[in-house]
Amino acid sequence: MDSEGSGDSPAEIQKSRSKTPRKPKEPKGAQLLKQKSPAEFFADNKNIAGFDNPGKSLYTTVRELVENSLDSAESISELPIVEITIEEIGRSKFNSMIGLADHERVDEELYDDFETVKAREKRLAKEARLQEIQAKNASVGKKVKLPTITKPLKSREASYFRVTCKDNGRGMPHDDIPNMFGRVLSGTKYDLKQTRGKFGLGAKMALIWSKMSTGLPIEISSSMKSQNYTSFCRLDIDIHRNVPHIHVHEKRENKERWHGAEIQIVIEGNWTSYRSKILHYMRQMAVITPYAQFLFKFLSETPDKNVTVRFARRTDIMPPIPVETKYHPSAVDLLLIKRLIAETSKQNLLQFLQHEFVNVGKAYAERLIGEMGSEFSPKMPVKSLTAQQIVRMHQLFRQAKFDDPSGNCLSPAGEYNLRLGIIKELHPDMVATYSGSAQVFEGHPFIVEAGVSVGGKDVKQGLNIFRFANRIPLLFEQGADVVTRTAIKRINWNNYKINQTQDKIGVFVSIVSTKIPFKGTGKEYIGDDISEIASAVKTAIQQCCAQLKSKIVKRIQAREQQERKRSLNKYIPNATSAIYDMLKDMSQSRASKKKRYEAKDAELLNQVSARLVTKETLKEKLAQHVEQVDYEMALEYATQTGVNEEPREDVYIQPLEAVDKFTDFVSPIFVFRFIH
């Protein structure tokens, strides 16, 4: 009975199963919506941040670490001391670091550098033929360009380097270190002020590259002033979640009372192809920051390939620290206005306009509010503005007149430091510098400084262009840059007595701004399409050239004067002989024919007869006359040109010790130091 009451037939069971609800099927062709974290985005598009290839990645890592160190030291008004070391790591050492045993090749034919016996014989036979032809041509003195010899394939085995950067800067708070290195798009450089960074990535992108190429974590040691401990952190980054993955984070004893940061990271790189770029970058950084001391080391597995370069500090005068500024009304968009409204602590619209924007006083803010319409009032709560009212405000900002922002928030290198850096690194024959006044583009202030040098050490003939943006060197994509195009196409160098192709010309242009208008994904050059910047660059270079022209003209005239003097001195012996022979003949004919001469002439002839006047006497008198004429001509030239003394060489005093007390009186081109 029980089995009859509770039992279900197979047909009924199948029917009940068919009634179970099922998940709706995805339509054909539908794709799942996915998201990427900021770290994942930059990992996939690493070329945006300058990590195009292993060589460029090594260069960019060095650059980011050096610039972070300079920012850190300057933020506490400390003269920067930066030590950067690149240590080559061989395959065996790298394998031991990651716990991987060395492995010898088993199947050689698997590798891309494998060369068959037939291919090797063919290559060697071709090399022998070419060497034989070269020997025959050399024996008959014939120069023939031979085809290049095909080299055997090289293995694409990766090269690894440990990059270490140590500074004497501010250091980092202990609890902030993981996020400062392990969370992309978090940092201290997102305020509106002049900064060296391009993306605000800093060492984060180097950590991402390390994660992609070696898998090894970054190590950070840091200590702030007056701290009795050093923070040590070893971490990597969870790229998919954009969060730090902390291995070690601890406090260690700081016996030396050191402050600053030391960062160590292991990455794949290529020193051979980017050696010159890295050294060139360090040299240009020494030009624009002569108040910093740099020590660069490259440590190879082969000791004879080691490189050590020290860039000594030449001055202790630092530029002012860049300060945060407010937005100019003409430079804001709708999103920015909404963000400022959300973040402001001001209650009403009048206060908001006065305190959140630059160059908007109370009277002008009231006029703006009156122009916005009847629905606006000075006392209305700023956070009550509707989307339509914000659009109306934005439209008025774009159409109204505002005073240009000042350049007080900017920190240019200064003529003094720029001139000092050029002289220190290039040793030119002559140099001129110029610092323009603050100008504006799209509501952002900018200042252009320039230097032009002629001659120097390790300078090629022609134009040698050095570009700087917010006091960092720009080494790539030079051809499209506004500085390059201006120097080549818009400056008539012949007008300034400078030979564009024969002379060794150094052109240095530094642009600082709260917003550098970089072009391209790599942000390596400033476009030529902003007329305000192009005009300012041209004016700055022309001002330098005008200064050099006066120096070159003086030098040419001095050279001509020396040539004239040399020519006159060359003819003194012949002229002396001719004059003396003539006087001797006159004295003899006077005695025989009893000719009469004036008293002075008769006295001279008597002195010749008595041998009181000789050839040597005449030679000495002629030389004195040449000197007198030369002096009178130089004096006349000096009177006409306003030069009242001899040109003097620049003298630079070495920095004083910290114990000395002094007061600096700073000018754009010199610093007067009063010692107490």
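One structure accompanies this document, and this report is about it. In every chain, residue numbers begin from 1 and rise along the written sequence. Whole-chain, interface and lining totals are the exception, using all residues; otherwise, since this is a predicted model, local features are given only for residues with pLDDT of at least 70 and side-chain atom pairs are given and counted only at 80 or more. With hydrogens and water excluded, all non-hydrogen atoms of the structure serve as input to the side-chain values.

Some points on the overall build of the protein
Summing up its helical and strand segments, the protein has 18 helices and 18 strands in all. The classification of residues rests on relative accessible area computed with a 1.4 Å probe and restricted to protein chains. Under 20% of the type maximum is buried, over 50% is exposed, and intermediate values are partly exposed. Counting across all 676 residues of the protein, residues that qualify as buried make up 41%. When checking whether two residues touch, look at their non-hydrogen atoms; a contact exists if any pair is within 4.5 Å. Residue pairs in contact within the protein that sit at least 24 positions apart in sequence constitute 75% of those at least 6 positions apart. With residues, only the protein chains shown are counted as cover, and all accessible areas are computed by Shrake-Rupley using a 1.4 Å probe. Roughly 39,700 Å² of accessible area belongs to the protein as shown, and the carbon and sulfur atoms make up 50% of that amount. In DSSP terms, a helix is any run of H or I states spanning at least four residues, a strand is any run of E spanning at least two, and both are numbered starting from the N terminus.

Side note on the pattern of salt bridges
Here, a salt bridge means any Lys or Arg side-chain nitrogen found within 4 Å of an Asp or Glu carboxyl oxygen. This model, assessed by the stated rule, comprises 21 salt bridges. Note that Glu-250 and Arg-252 form a salt bridge whose closest N and O atoms lie 2.8 Å from each other. We classify Arg-252 as partly exposed; its relative accessible area is 39%. The partner of Glu-343 in a salt bridge is Arg-339, and the shortest N-O contact between them spans 3.3 Å. Separated by 4 residues within a single helix, Glu-343 and Arg-339 lie in helix H10 (residues 334–343), roughly one turn from each other. Using a relative accessible area of 55% as the deciding quantity, one classes Glu-343 as exposed.

A few points about the pairing of strand E14 (residues 504–513)
On a regular strand, each side chain points to the face opposite its neighbour's, so the side chains alternate between the two faces of the sheet. Counting buried positions along E14 gives 9 out of 10 residues, so the element sits mostly inside the fold. Bridge analysis of strand E11 (residues 444–454) against E14 gives 9 bridges, and the strand direction is antiparallel. Bridge pairing in E14 links Ser-453 to Gly-506. Strands are labelled as partners when DSSP assigns at least two bridges between them. Where strand E12 (residues 462–469) lies against E14, 8 bridges are found, and the strand directions are parallel. Bridge pairing links Ile-465 to Val-507 in E14.

Let's talk about the side chain of Asn-168
Within the fold, Asn-168 resides in the loop between strand E2 (159–166) and helix H7 (177–182). When its relative accessible area of 12% is taken as the criterion, Asn-168 is described as buried. Of the polar contacts made by the side chain of Asn-168, one reaches the backbone oxygen of Leu-79; its length is 3.0 Å. Counted as a polar contact is a pair of N or O atoms within 3.5 Å, where, for protein atoms, one must be capable of donating a hydrogen and the other of accepting one, and residues adjacent in sequence contribute only when both atoms are in side chains.

Examining the nonpolar core
Of all hydrophobic cores here, the largest spans 68 residues; its most connected members are Ile-86, Phe-181, Trp-271, Phe-294 and Phe-296. With residues up to four places along the chain from it excluded, the contact list for Trp-271 reads Leu-58, Ile-86, Phe-161, Ile-278, Phe-296, Phe-298 and Val-307. Only buried Ala, Val, Leu, Ile, Met, Phe, Trp, Tyr and Cys residues count toward a nonpolar core, and they belong to the same one when joined by side-chain atoms within 4.5 Å. With 36 residues, the next largest nonpolar core counts Ala-487, Val-509, Ala-536 and Ile-541 among its residues.

Points about the packing of H10 against helix H13 (residues 387–399)
Two numbers describe how H10 lies on H13: the axes approach to 10 Å, and their chain directions differ by 120°. Overall, the two elements H10 and H13 adopt an arrangement that is oblique. Here H10 runs over H13; the crossing is right-handed. From H10, Leu-334, Ile-337, Lys-338 and Ile-341 reach across to H13, where they touch Ile-390, Val-391, Met-393, His-394 and Phe-397. The angle between two axes is taken between their N-to-C directions and runs from 0 to 180 degrees, where each axis is a line fitted to C-alpha atoms and a helix contributes only its stretch in contact. By the definition adopted for this analysis, an angle is roughly parallel if under 35 degrees, roughly antiparallel if over 145, roughly perpendicular if from 65 to 115, and oblique otherwise. Each crossing gets its hand from how the near helix is turned against the far one by less than a right angle, where anticlockwise is left-handed and clockwise is right-handed.

With respect to the pairing of strand E4 (residues 229–238)
E4 sits mainly inside the fold: 8 of its 10 residues count as buried. Of the pairings in the sheet, the one linking strand E3 (residues 218–223) to E4 comprises 5 bridges and is antiparallel in character. Along E4, the bridge assignment pairs Glu-219 with Arg-234. Here E3 folds back onto E4 in antiparallel fashion, the turn holding 5 residues, of which Ser-226 has a positive phi close to 70°. Alignment of E4 against strand E5 (residues 243–253), held across 10 bridges, turns out to be antiparallel.

Topic: the environment of Leu-426
One can find Leu-426 in helix H14 (residues 415–426). On a C-alpha basis, the gap between Leu-426 and Val-454 in space is 9.7 Å, while along the polypeptide they are 28 residues apart. Beyond its immediate sequence surroundings of up to four residues, Leu-426 is in contact with Arg-283, Val-287, Ser-453, Gly-456, Lys-457, Val-459, Phe-466 and Phe-508.

Some details on the sheet that holds E3
On the basis of which strands lie adjacent, the open sheet formed by 8 strands has the order E5-E4-E3-E6-E2-E1-E7-E8 and mixed pairing. Both edges of this open sheet fall to E5 and strand E8 (307–311), since each of them pairs with a single strand only. On average, each strand axis in the sheet is tilted by 15° relative to the strand beside it, whichever way the strands run. Note that strand E1 (residues 81–89) and E2 share 7 bridges and pair antiparallel. Within E2, the residue paired with Glu-87 across the bridge is Arg-162. On the sheet, helix H4 (residues 54–74) packs against E1, E2, strand E6 (260–269) and strand E7 (293–299) and is oriented at approximately 175° with respect to E6.

A short note on the packing of aromatic side chains
Each pair of aromatic rings taken from Phe, Tyr and Trp, with Trp reduced to its six-membered ring, is defined by centres within 6.5 Å and is described as stacked if the planes are under 30 degrees apart, edge-to-face if over 60, and tilted in the remaining cases. Under the counting rule described, the total for this entry stands at 14 aromatic pairs. Between the aromatic rings of Trp-271 and Phe-296, the centroid separation amounts to 6.1 Å while the plane-to-plane angle is 20°, which identifies the pairing as stacked. With a gap of 25 residues between them, Trp-271 in helix H9 (residues 271–288) and Phe-296 in strand E7 connect regions that are remote in the sequence. Here Trp-271 matches Phe-296 in class, with each residue buried.

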